[in-house]
Amino acid sequence: MEKQYNLEDVISKVHEIRGFLRSGDEILPFLGDLLQFLRDMMPLIQEAGVSLKEGTSNLPTASNRISDVTQTTELATQEILDKLDAISEKLSRLGKTVDSAANQQIEVIQNDVTDIIYALQFQDITSQKLEHANRILAAIYEKFISIFTSMNLVRTSSHLGSKVIEELQDGIQDKLTGRETTEFHEKIQDTVRDHEISQDDIDQLFS
Amino acid sequence: MANKKVLFVDDSPTMRRIIKNSLNKIGFEDVEEAENGVDALQKLSAGRYDLILTDWNMPEMNGEELVVNLRASAEYKNTPILMITTRGMKDDVINAVKIGVSGYIVKPFTPEVLKKKITDVLV
C-alpha cells in the first residue's frame, strides 16, 4: 500500500515536472529575449552613465564660472562708476568758472554722465539672471547626485542588481578613462585664461 | 526733502551707488544703505527713517520679508516703502501691494521715474 502511494507520488511529481518544463518552453524564449534586450541596453546605459558623470563633475566648474562673471562685471562697473563720479565732479568745478553758454554745454554732458550711470543697472540685472542660472545648475547637480545614490541602492538590494550595476559602473569607468570622452572634453575646454602666459613670453615666441 | 531720512536696501554694490547718487541729486542728504533685510532691520531699529527703498531678491532676508516685518511693527507700519526690483510679473506686483508696499519700480529705470515714484509715495 505504501509502495503504491509512493509510485503515485512519483507519477504526480513527473506530471509536475512535465508541466514545469512545458511552461519552461514558453518562458525560455522570453528570458532569452529579455537577456538580449539587457545586453543591447547595457552599452546605451553605460553611455548615459558616462554623460551623466561627466556632466555632473563639470557642473560645479560651470557654476564657479558664472560667479566669476558676476564678480568681474561688478568690479568693472565700480571702476566705471568711480570714473564717472570723478568726471561729474570735475564738470561741476568747471561750471563755476565758465559763462552760462558753456554751463549749458556742461549740463548736457552731466546729463549724459547720468544716463551712463543709470545704464549700469545692467550689471545688477544680468547678475540676477546669472544667479538664476546658477540655481538651475545646482538643482540639476542635486538631481544627478540622487541618481547615483539610487544606483547604489539597486546594487545593495539584490545579487542580480549588484552584478548589473557593477558591470555598468566598470563600463562607465573604462569609458571615462578611455578615449570616448575626448570629444566632450574638447567641447568644454576652458580657453579663457586656461594657460596663463605673460605678454613677454608671447613676445618672445614672436621674436 | 532735505530733512527726510532715507534707507536704501540692496545687495548689489552697483545699485547702492546708483541709487545713493540719485537720491543725493533729488535732494536727500541723509541717505543710508543696507545690504539685505537683516542689515536693514538693525539700522531701522537704531534710528527713525522717513522713506525706505528696497530691492526684492536679496540673501539672508529678502525685500518681501523685510516689508512684512516692517508693516507688523509699530514704528514703520505707515512709513512709505518703495520696492525697486527686477521682478516684473503681475503676480509679484499684486503680492507687493498685498504686503503693504507703497510704490513699485521695475529695473532698469530712469532718474525721472525714480523721482516721480518717490514724490508719489511721500505725498
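About the criteria used
- Residues numbered from 1 in each chain as written.
- Chains lettered and ligands numbered in written order.
- Predicted model: local features only at pLDDT ≥ 70, side-chain atom pairs only at ≥ 80, totals over all residues.
- Helix = DSSP H or I, 4+ residues; strand = E, 2+ residues; numbered from the N terminus.
- Rg over C-alpha atoms; globule rule 2.2 N^0.38 Å.
- pLDDT = per-residue confidence, 0-100.
- Expected span 1.5 Å × (residues − 1).
- Buried ≥ 20, exposed ≤ 12 C-beta atoms within 10 Å, placed from the backbone.
- Contact = placed C-beta atoms within 7 Å.
- Nonpolar A, V, L, I, M, F, W, Y, C, P; charged D, E, K, R; others polar.
- Arc of directions from axis to C-beta.
- Core = buried A, V, L, I, M, F, W, Y, C linked by C-beta atoms within 7 Å.
- Pairing = 2+ DSSP bridges.
- Right-handed = clockwise from strand over helix to strand, strands pointing away.
- Axes fitted to C-alpha atoms, helices over the stretch in contact; angles between N-to-C directions.
- Parallel < 35°, antiparallel > 145°, perpendicular 65-115°, else oblique.
- Left-handed = near helix turned anticlockwise from the far one by under 90°.

**Quick word on the overall build of chain A**
When its secondary structure is counted, chain A shows 6 helices and 0 strands. Taken from the N to the C terminus, the helices and strands of chain A come in the order α-α-α-α-α-α. Relative to the compact-globule value of 17 Å for 207 residues, chain A shows a C-alpha radius of gyration of 36 Å, a clear excess of over 25%. Here the C-alpha coordinates of chain A stretch approximately 135 × 45 × 25 Å along the principal axes.

**Thoughts on the confidence of the model for chain B**
Residue and element names in this part refer to chain B. Within chain B, residue pLDDT values average 93, and 100% of them lie at 70 or more. Highest mean pLDDT in chain B belongs to strand β3 (residues 51-54) (97); lowest belongs to helix α1 (residues 13-26) (92). Interface confidence for the predicted complex, given as ipTM, is 0.84, next to a pTM of 0.73.

**Some details on α1 of chain B**
Side chains that are three or four residues apart share a direction in an α-helix, a result of its 3.6 residues per turn. For α1 of chain B, with 14 residues, the first-to-last C-alpha span of 20 Å sits near the 20 Å given by 1.5 Å per residue. By the burial criterion, the buried members of α1 of chain B are T14, M15, R17, I18, I19, S22 and L23 of chain B.

**Let's talk about the interface of chain A and chain B**
How large an interface is tends to be reported as the accessible area lost when its parts come together. Listed by partner, the interface residues are 15 residues for chain A and 13 residues for chain B. Mapped onto the side of chain A that touches chain B, the elements with two or more residues apiece are α1 (2-95), α2 (100-119) and α3 (121-157) of chain A. When residues in the side of chain A that touches chain B are grouped by element, the largest group, 7 residues, is from α3 of chain A. Broken down by class, the residue content of the side of chain A that touches chain B amounts to 6 nonpolar, 7 polar and 2 charged.

**Thoughts on unusual backbone geometry**
All names here are of chain B. Following K107, the chain continues to P108 via a peptide bond in cis, the omega torsion being -5 degrees. Inspection of the secondary structure assignment puts P108 in the loop between β5 (103-106) and α5 (111-122). Positive phi, close to 70 degrees, is recorded for E60, a residue that is not glycine. In this structure, E60 sits in the loop between β3 and α3 (63-71).

**Quick word on α3 of chain B**
Those residues of α3 of chain B not exposed but buried are G63, E64, L66, V67 and L70 of chain B. With its buried residues spanning 160 degrees around the axis, α3 of chain B presents them on a single face.

**Considerations on the nonpolar core**
All names here are of chain B. If you look at the biggest cluster of nonpolar residues, it comprises 32 residues, and the most contacted ones within it are V6, L7, F8, V9, L53, I81 and M83. Among the elements of the structure, β1 (5-9), α1, β2 (30-34), α2 (37-46), β3, α3, β4 (81-85) and α5 are those that each provide at least two residues to this core. In this structure, I81 is in contact with I52, T54, V67, L70, V101 and S102, ignoring residues within four places of it in sequence.

**Description of the pairing of β5 of chain B**
Residue and element names in this part refer to chain B. The pairing of β4 with β5 spans 4 bridges and is classified as parallel. Among the inter-strand pairings, I84 is bridged to a residue of β5, identified as I105. Assessed by its sense of winding, the connection that carries the chain from β4 through helix α4 (residues 90-99) to β5 is right-handed.

**Here we look at the environment of M89 of chain B**
Checked against the element boundaries, M89 of chain B lands in the loop between β4 and α4. Put simply, M89 of chain B and E35 of chain B are 54 residues apart on the chain and 24 Å apart in space, counted from C-alpha to C-alpha.

**Focus on the environment of S88 of chain A**
Residues and elements named next belong to chain A. The residue S88 is located in helix α1 in this model. It is 63 Å that separates the C-alpha atoms of S88 and D174, two residues lying 86 residues apart in sequence. Here S88 is in contact with Q110 and V113, once residues within four sequence places are set aside.

**Digging into the environment of S162 of chain A**
All names here are of chain A. Note that S162 resides in helix α4 (residues 159-177). Of the residues examined, S162 has 13 C-beta atoms within 10 Å and is grouped as partly exposed. Each C-alpha atom of the pair S162 and I80 lies 60 Å from the other, and the pair is 82 residues apart in sequence.

**Thoughts on the packing of α2 of chain B against α3 of chain B**
Residue and element names in this part refer to chain B. Axis separation between α2 and α3 bottoms out at 9 Å; the angle between their running directions is 30 degrees. In terms of orientation, α2 lies roughly parallel with respect to α3. The way α2 lies across α3 gives a crossing that is right-handed. Residues G37, A40 and L41 of α2 touch α3, and the partners they reach there are G63, E65, L66 and N69.

**Some words on the sheet that holds β2 of chain B**
Residue and element names in this part refer to chain B. Pairing is parallel in the open sheet, where 5 strands are placed in the order β2-β1-β3-β4-β5. The sheet is open, and its two edges are formed by β2 and β5, each paired on a single side. Each neighbouring strand pair of the sheet contributes to a mean axis angle of 20 degrees, computed without reference to strand direction. In this structure, β1 lies alongside β2, joined through 5 bridges in parallel fashion. Counterpart to V6 in the pairing with β2 is V31. Lying over the sheet, α3 contacts β1, β3 and β4, oriented at roughly 175 degrees with respect to β4.

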